[in-house]
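What the coordinates show
This is what each chain is made of:
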Amino acid sequence: MERIPHFINGALISDAERYGPVYNPATGEQEKEVALASAARVGEAVEAARAALPGWRATSLSKRTTIFFKVRELLMQRRPELAALLTSEHGKVLSDAEGEITRGLENIEFATGLSHMLKGERSEQVAGGVDVHSVRQPVGVVACITPFNFPAMVPLWMIGSALACGNTVLLKPSEKDPSSAIFIAQVFAEAGLPAGVLNVVHGDKEAVDVLLEHPAVKAVSFVGSTPIAQSIYKRAADHGKRVQALGGAKNHMVVLPDADLNMAADAAVSAAYGSAGERCMAVSVLVAVGSIADELVDAISTRMATLTIGPGTDPASQMGPLITAEHRDKVASYVAGAADEGATVVVDGREQEFDSNGFFLGVSLIDHVKPGMKVYDDEIFGPVLSVVRVETYADAVKLVNDNEFGNGVAIFTRDGGAARQFEFDVEAGMVGVNVPIPVPVGTFSFGGWKNSLFGDTHMYGPESIRFYTRGKVVTTRWPDPATSVIDLGFPQVD
């Protein structure tokens, strides 16, 4: 059986005290096993990153830029190979896997502009013969802990900016689909990244605990569920680390009565069921305002019947399996309990049968959902779309703003004034107007509000440069020695 190794100090290391199973979600069969790092192995990786830091920090910006251009070139060339790897371990269809890589590459492209991003500021003659300038310098060794749902894109979100800023990185991917992280690390090495600058260790809580407490790790980036994000934020911050921890979501899509019905229905199906709903930006709640509800539910259910669910390698498949059998069963339990809570199960994905032992689940649509129901309150992270009916625009905004999460939200309308007001009123970090999944392009930053983010900065883009660097202000004066005097007073501007 293939064994997925760690990547430490430029070398592949596959020996371990423990190994975890890696399944093909489309068949339900274990095809690989992954080495799970002990505390000592994680310590080796941290030491490799610490030893590589002085040399990488001193590497010129032009040399770093050259490496990033080469990484982009190699990933573009090998995108089909990486996409196939994603599909085999995650289960998403190949077109979705290639789209994930493309979005990840946006962050590599952003990192090629590091010479501009790392520019400081300067003011001369702020006082007599005194000049002041600022610089941004790397924080040091950075730990990046990434989720299973985007095993290529999210690592590229983090390591692109972290490396560009002169940090060294220890990447801990999900142990459910870990091969993509090794693939990416080897591409960086092929592009000329020195050994030890980017390291990959696989593991579970034992590995994460070391990263959160090791004194050489200066910053932690995390994407995952809200309870874990909250825990990681507190523990890492208690150990003096800079932390950005992105948590869960319950993304709402508000549809006003004047919206284009067909466009809204198409968008709802695409955003709810793409990647089997295993997206932190998936639409999980459709908020139907006023008279449009019945017609919209009918349009969505009609489209659901046309979806093709199957192995990600089949070009005809539009949606693949879920990541594990346990997660599939957990998602199905929300559908099973919805009717008892008073909701209406319009389409029950549990009824669809599949000629496979893979972790498949059909798509579900649940109407007449209300806050307080588990299907509304919890982040399901699967192909389940809830419909909440409200009377007015104000009711829709209140529903969104009362929710504990504030990741993404969308509104569908033909009314520019209503859309502009919604942008002003809604409490969420990312807003779409007639765009169901408003993930920002790489030149902006990604992240939510409320219980969707723990920390002060969002992921990738301009905010990532601030997260992965520390500011330093330098005040200089080159006076005539003859003018030097003792002055015990507070420094004055003259």
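Look above for the structure.
Worth saying up front: this structure is predicted, and the values here are computed from it rather than measured.

Turning our eyes to something else, we now look at the side chain of Ser-284. Tracing the backbone through its elements, the reader meets Ser-284 in strand β14 (residues 283-289). Accessibility expressed as a relative area gives 15% for Ser-284, which makes it buried. Ignoring sequence-local partners within four residues, the contact set of Ser-284 consists of Lys-250, Asn-251, Val-384, Leu-385 and Ser-386.

The next point concerns the packing of aromatic side chains. Scanning all chains against the criterion turns up 9 aromatic pairs. Summarising the aromatic geometry, the rings of Phe-148 and Phe-381 are spaced 5.9 Å apart at their centres and angled 85° between planes, so their arrangement reads as edge-to-face. You can see Phe-148 sitting in the loop between β8 (141-145) and α6 (153-164) and its partner Phe-381 sitting in the loop between α13 (374-377) and β17 (384-390), a full 233 residues away along the chain. There is no split in this pair, since Phe-148 and Phe-381 are both buried. Centre to centre, the rings of Phe-446 and Tyr-460 are 6.1 Å apart; their planes meet at 35°, and the pair counts as tilted. Residue Phe-446 is found in the loop between β20 (430-433) and β21 (449-450), and its partner Tyr-460 is found in the loop between β22 (453-454) and α16 (461-467); the two are separated by 14 residues along the sequence. In this structure Phe-446 comes out as buried when scored by relative accessible area, which is 1%. Taking the relative accessible area as the measure of exposure, Tyr-460 reaches 2% and is therefore buried. Chaining the aromatic ring pairs together yields one cluster made of Trp-157, Phe-446 and Tyr-460. Between the NZ or CZ atom of Arg-3 and the centre of the ring of Tyr-19, over which it lies, the distance is 3.9 Å.

Packed helix pairs are specified by the crossing angle of their axes together with the interaxial distance, meaning the distance between the axes. Between helix α10 (residues 261-273) and helix α11 (residues 293-304), whose axes approach to 9 Å, the crossing angle comes to 55°. On the basis of their axis angle, the class for α10 and α11 is oblique. Crossing geometry of α10 relative to α11 is assigned as right-handed. Judged by residue contacts, Leu-261, Asn-262, Ala-264, Ala-265, Asp-266, Ala-268, Val-269 and Tyr-273 of α10 engage Glu-295, Leu-296, Ala-299, Ile-300, Arg-303 and Met-304 from α11. For the contact of α10 with α11, the per-class residue count stands at 10 nonpolar, 1 polar and 3 charged.

Attention now goes to the sheet that holds β14. Across the sheet, 7 strands lie side by side as β15-β16-β17-β14-β13-β19-β20; this open sheet has mixed pairing. Either end of the sheet is taken by a strand with one partner, and the two such strands are β15 (344-347) and β20. The mean angle between the axes of side-by-side strands here comes to 20°, regardless of whether they run parallel or antiparallel. Pairing analysis gives 5 bridges linking strand β13 (residues 251-255) to β14, with the strands arranged parallel. Paired with Val-254 across the bridge in β14 is Val-287. Across the face of the sheet, α11 comes into contact with β13, β14, β15, β16 (364-367) and β17 while running at roughly 165° to β16. Across the sheet, helix α12 (residues 325-338) touches β15, β16 and β17, and the angle it forms with β16 is around 35°.

Before going further, it helps to spend a moment on the pairing of strand β9 (residues 168-172). Of all 5 residues that make up β9, 5 are buried, and the element is covered over most of its length. Burial of β9 is two-sided: the residues Thr-168, Leu-170 and Lys-172 facing one way and the residues Val-169 and Leu-171 facing the other way are all buried. Where β8 and β9 come together, 5 bridges link them in parallel fashion. Looking at β9, one finds that Ala-143 is bridged to Leu-170.

For Phe-381, which is not glycine, the phi torsion reads 60° and is therefore positive. A positive phi is found at Tyr-460, a non-glycine position, where the angle reads about 45°.

The subject of this paragraph is the pattern of salt bridges. Taken as a whole and assessed by the stated rule, the structure comprises 27 salt bridges. Of the charged contacts in the structure, one is a salt bridge between Arg-3 and Glu-33, with a shortest N-O distance of 2.7 Å. Here Glu-33 lies in strand β5 (residues 29-36) and Arg-3 lies in strand β1 (residues 2-4), a separation of 30 residues in the sequence. According to the relative accessible area criterion, Glu-33 is buried, its value standing at 17%. Note that Glu-100 is salt-bridged to Lys-92, the shortest N-O span being 2.6 Å. Relative accessible area serves as the criterion here: at 2%, Glu-100 is assigned to the buried category. In this structure Lys-92 comes out as buried when scored by relative accessible area, which is 2%. Counted as one network, the salt bridges with shared partners bring together Lys-205, Asp-209, Glu-213 and Arg-235.

Turning our attention to empty space enclosed by the protein. Overall, the coordinates contain 2 cavities of 30 Å³ or more when judged by the stated rule. Within this model, the largest cavity holds a volume of roughly 110 Å³. If you go around the largest cavity, you meet 16 residues; those closest to its centre are Gly-277, Arg-279, Ala-282, Ser-284 and Phe-381. Looking at the lining of the largest cavity residue by residue, the class counts come to 8 nonpolar, 4 polar and 4 charged. Here the second largest cavity is characterised by a volume of approximately 50 Å³. Lining of the second largest cavity is provided by Lys-250, Asn-251, His-252, Val-400, Phe-405, Gly-406, Asn-407, Gly-408, Val-409, Glu-427 and Ala-428.

Running from amino to carboxyl end, helix α3 (residues 79-90) crosses helix α7 (residues 179-190) at an angle of 160°, the nearest separation of the two axes being 9 Å. Here α7 runs roughly antiparallel to α3, going by the angle between their axes. As for how α3 packs across α7, the hand of that crossing is right-handed. Contact residues: α3 offers Glu-81, Leu-82, Leu-85, Leu-86 and Glu-89, while α7 offers Ser-179, Ser-180 and Phe-183. Taken together, the residues of the contact of α3 with α7 sort by class into 4 nonpolar, 2 polar and 2 charged.

Conventions used here
- Each chain carries its own residue numbering, running from 1 in the direction its sequence is written.
- Given that this is a predicted model, residues contribute local features only at a pLDDT of at least 70 and side-chain atom pairs are listed and counted only at 80 or more, while totals for whole chains, interfaces and linings are drawn from all residues.
- As a rule here, side-chain values come from all non-hydrogen atoms in the structure, and water together with hydrogens is ignored.
- The secondary structure listing takes helices from DSSP runs of H or I that are at least 4 residues long and strands from runs of E that are at least 2 residues long, numbered from the N terminus.
- A 1.4 Å probe rolled over the protein chains alone gives each residue an accessible area, and that area as a share of the maximum for its type sets the label: buried under 20%, exposed over 50%, partly exposed in between.
- Between two residues, a contact is recorded if the distance between any of their heavy atoms is within 4.5 Å.
- Centre distance within 6.5 Å is the pairing criterion for rings of Phe, Tyr and Trp, where only the six-membered ring of Trp is used; planes under 30 degrees apart are then read as stacked, over 60 as edge-to-face, and the remainder as tilted.
- Comment: the charge-over-ring label is applied if NZ (Lys) or CZ (Arg) is within 6 Å of the ring centre and within 35 degrees of the ring normal.
- Inter-axis angles, ranging from 0 to 180 degrees, are taken between N-to-C directions of lines fitted to C-alpha atoms, where helices are fitted over the stretch in contact.
- The cut-offs work like this: below 35 degrees is roughly parallel, past 145 is roughly antiparallel, 65 to 115 is roughly perpendicular, and the gaps in between are oblique.
- Crossing handedness is read from the near helix: turned anticlockwise from the far helix by less than a right angle, it gives a left-handed crossing, and turned clockwise, a right-handed one.
- All residues other than Ala, Val, Leu, Ile, Met, Phe, Trp, Tyr, Cys, Pro, Asp, Glu, Lys and Arg, Gly among them, are scored as polar; the first ten of these are nonpolar and the last four charged.
- What makes two strands pair is DSSP finding at least two bridges between them.
- Throughout this description, the term salt bridge denotes a Lys or Arg side-chain nitrogen within 4 Å of a carboxyl oxygen of Asp or Glu.
- Buried and open spaces are told apart on a 1 Å grid over the protein atoms alone, a cavity being a set of points where a 1.4 Å probe fits but cannot get out and a pocket being an open set with protein on both sides within 12 Å along at least five of seven lines. Residues with an atom within 4 Å of a point are the lining residues.
- Grid points are joined across faces, edges and corners, and a volume is the space filled by probe spheres set on the points.

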